[in-house]
Amino acid sequence: TSTPSKRYTITLLPGDGIGPEVISVATNVLKLAGSLEGIEFKFQEMPVGGAALDLTGVPLPEETLSAAKQSDAVLLGAIGGYAWDKNEKHLKPETGLLQLRAGLKVFANLRPATVLPQLVDASTLKKEVAEGVDLMVVRELTGGIYFGKPRGFGKNENGEEIGFNTEVYATHEIDRIARVAFETARKRHGKLCSVDKANVLEASILWRNRVTAIASEYPDVELSHMYVDNAAMQLVRNPKQFDTIVTNNIFGDILSDEASMITGSIGMLPSASLGESGPGLFEPIHGSAPDIAGQDKANPLATVLSAAMLLKYGLGEEDAAKRIEAAVLDTLSRGYRTGDIHSAGNKLVGCKEMGEEVLKSVESQV
Ligand code: ATP
Ligand code: MG
């Protein structure tokens with residue numbers, strides 16, 4: 001009825017395997033939830049990963065990257081598959097994903113781990129421990145030991161062969177991830193836990209000092225610090241104590257995978273990768289699942305929830321994001337389940353039908 005007041009261009013990168021199936025569902029949900037909030041989307045679909053390799057010979061064509069850079073947000077399906085496993089490194093689909101992250105300069109990776117009331121039984125933890133878990137890991141994505149120099153192979157003083165890497169963080173790298181984390185905590189429940197190894201590592205001492213300094217800009221957020229070994233333990237002992245966690249690249253890699261297993265359902269988990277300015281990259285945490293690709297079996301909800309993160313963290317459209325989150329909960333409450341989260345007494349549906357039920361839930365909202 002009302003004319004759209006807000007217009008956004010979204011780059012869609014379906015990619016490989018189940019990517020196209022889940023992106024198709026998420027796009028329809030995004031369209032409908034947006035229209036109810038006066039938002040109009042222009043979608044531009046581009047090839048990436050194995051699909052791009054087959055089409056153009058490279059996993060991230062220049063046209064795809066420039067389209068992504070010029071848009072307001074990027075929604076990615078999944079990348080990779082058996083067909084390209086033997087390719088050389090620069091011709092691997094996954095290289096396209098790394099190039100995309102680098103090209104968009106997304107240094108902050110946000111991974112929520114939420115135990116939905118309807119899926120408590122999927123958790124690997126006891127019900128009492130899992131119930132009500134709702135946390136977010138903010139991982140630094142472009143620095144630290146994965147990229148630090150010097151790195152390489154050499155010989156030690158005894159002439160023995162060594163391999164080495166260096167954990168390096170500069171002040172500006174810590175400050176900017178800290179700000180993303182404080183902003184994220186502010187949009188959630190106002191608690192931030194910074195995870196480091198400041199009792200052993202110099203880069204962690206600087207990390208702790210900078211996060212503490214940045215905290216003065218966010219007096220409304222409650223900051224705590226934890227050593228990574230303790231954090232790994234606390235995540236399985238009492239995950240409910242966490243709201244937002246911020247940590248470096250390698251600790252975040254490990255802790256975010258640990259946190260995802262608390263929820264137990266890989267087909268449900270979204271992610272966001274954000275930069276300083278420019279479009280964010282939003283994608284499910286699962287891979288291309290070639291074993292079920294093209295069979296209408298994939299759970300599209302991780303990608304649907306990634307679309308909600310796109311609205312919330314990418315465009316600042318929180319109302320439209322809430323519509324999608326509420327619709328996912330409603331669909332699960334009405335008993336619809338894809339194979340990966342199915343249990344007795346529920347209605348087993350495919351990817352498309354799950355998508356249709358989510359659309360119904362969006363429509364039925366008042
Ligand atoms: P990648 O290397 O791309 O991360 P992977 O081998 O780690 O891939 P996934 O592709 O994530 O793994 O799949 C792991 C398993 O989980 C597969 O057996 C797949 O069928 C299942 N799976 C992954 N995503 C989904 C989904 N959205 N819906 C249903 N099942 C899924
Ligand atoms: Mg994987």
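Just so you know, these numbers come straight off a predicted model, no measurement behind them.

## Some points on the overall build of the chain
Then step 1. When helices and strands are counted, the chain shows 12 helices and 14 strands.
Then step 2. Here the C-alpha coordinates of the chain stretch approximately 70 × 50 × 45 Å along the principal axes.
Then step 3. The buried share of the chain, taken over its 366 residues, is 48%.
Then step 4. Put simply, 75% of the contacts in the chain that link residues at least 6 apart link residues at least 24 apart.

## Re the UniProt feature "domain: Isopropylmalate dehydrogenase-like" (unreviewed entry) in the chain
Then step 1. The sites that carry the UniProt feature "domain: Isopropylmalate dehydrogenase-like" (unreviewed entry) are, in the present numbering, residues 9–358.
Then step 2. End C-alpha atoms of residues 9–358 are separated by 23 Å, and the span's content is 41% helix alongside 21% strand.

## Here's the deal with the site of ligand 1
Then step 1. The full set close to ligand 1 counts 15 residues, and Gly 267, His 286, Gly 287, Ala 289 and Asn 299 are the nearest of them.
Then step 2. Per-class residue counts for the shell around ligand 1 are six nonpolar, seven polar and two charged.

## Points about the environment of Lys 191
Then step 1. Among the secondary structure elements, Lys 191 is positioned in strand E8 (residues 191–196).
Then step 2. You can call Lys 191 partly exposed: it has 16 C-beta atoms within 10 Å.
Then step 3. When the C-alpha atoms of Lys 191 and Gln 241 are compared, they prove to be 9.6 Å apart, with 50 residues separating the residues in sequence.
Then step 4. In contact with Lys 191, other than residues within four places in its own chain, are Ala 185, Glu 222, Asp 243 and Thr 244.

## Structural notes on unusual backbone geometry
Then step 1. In this structure, Pro 150 follows Lys 149 across a cis peptide bond, with omega equal to 5 degrees.
Then step 2. Tracing the backbone shows Pro 150 in the loop between strand E5 (134–140) and strand E6 (152–155).
Then step 3. The phi angle at Lys 105 is positive, at roughly 50 degrees, despite the residue not being glycine.
Then step 4. In this fold, Lys 105 is placed in the loop between helix H4 (93–104) and strand E4 (108–114).
Then step 5. A positive phi angle is found at Ala 289, which is not glycine, with a value near 40 degrees.
Then step 6. You can see Ala 289 is positioned in the loop between strand E12 (280–284) and helix H10 (301–314).

## Remarks on the pairing of strand E2 (residues 39–45)
Then step 1. Bridge count between strand E1 (residues 6–15) and E2: seven bridges; the pairing is parallel. Looking at E2, one finds that Tyr 8 is bridged to Phe 41.
Then step 2. With respect to chirality, the unit in which E1 leads through helix H1 (residues 19–35) into the neighbouring parallel E2 is right-handed.

## Some words on the pairing of strand E7 (residues 161–164)
Then step 1. Pairing of E6 with E7, which is carried by four bridges, proceeds in the antiparallel orientation. In the sheet register, Lys 155 faces E7, and the bridge partner there is Glu 161.

## Re the packing of H10 against helix H11 (residues 318–333)
Then step 1. The geometry of H10 relative to H11 is characterised by a closest axis approach of 7 Å and an angle of 160 degrees between their N-to-C directions. Between H10 and H11, the angle falls in the class roughly antiparallel. The handedness of the crossing between H10 and H11 comes out as left-handed. Taking contact as the criterion, the partners of Leu 301, Val 304, Leu 305, Ala 307, Ala 308, Leu 311 and Lys 312 in H10 are, on H11, Glu 318, Ala 320, Ala 321, Ile 324, Glu 325 and Val 328.
Then step 2. Of the residues that constitute the contact of H10 with H11, the class distribution is 10 nonpolar, no polar and three charged.

## Some details on the nonpolar core
Then step 1. Judged by nonpolar contacts, the single largest core of 103 residues is most densely connected at Val 29, Leu 75, Val 138, Ile 245, Phe 282, Val 304 and Ala 307.
Then step 2. No other element matches the 10 residues that H10 contributes to this core.
Then step 3. What Val 304 contacts, discounting residues up to four positions off in sequence, is Val 25, Ala 26, Val 29, Ile 324, Val 328 and Val 358.

## Here's the deal with the packing of H11 against helix H12 (residues 351–363)
Then step 1. It is the contact of H11 with H12, at a shortest axis distance of 8 Å, that shows an interaxial angle of 120 degrees. Our classification of the angle between H11 and H12 gives oblique. The handedness of the crossing between H11 and H12 is right-handed. Residues Arg 323, Ala 327, Val 328, Asp 330 and Thr 331 of H11 form the contact with H12, whose participating residues are Glu 357, Val 358, Ser 361 and Val 362.
Then step 2. For the contact of H11 with H12, a count of residues per class yields four nonpolar, two polar and three charged.

What counts and how
- Residues numbered from 1 in each chain as written.
- Chains lettered and ligands numbered in written order.
- Predicted model: local features only at pLDDT ≥ 70, side-chain atom pairs only at ≥ 80, totals over all residues.
- Helix = DSSP H or I, 4+ residues; strand = E, 2+ residues; numbered from the N terminus.
- Buried ≥ 20, exposed ≤ 12 C-beta atoms within 10 Å, placed from the backbone.
- Contact = placed C-beta atoms within 7 Å.
- UniProt positions renumbered as here; feature names shortened; annotations may be inferred.
- Near = placed C-beta within 6 Å.
- Nonpolar A, V, L, I, M, F, W, Y, C, P; charged D, E, K, R; others polar.
- Pairing = 2+ DSSP bridges.
- Right-handed = clockwise from strand over helix to strand, strands pointing away.
- Axes fitted to C-alpha atoms, helices over the stretch in contact; angles between N-to-C directions.
- Parallel < 35°, antiparallel > 145°, perpendicular 65-115°, else oblique.
- Left-handed = near helix turned anticlockwise from the far one by under 90°.
- Core = buried A, V, L, I, M, F, W, Y, C linked by C-beta atoms within 7 Å.

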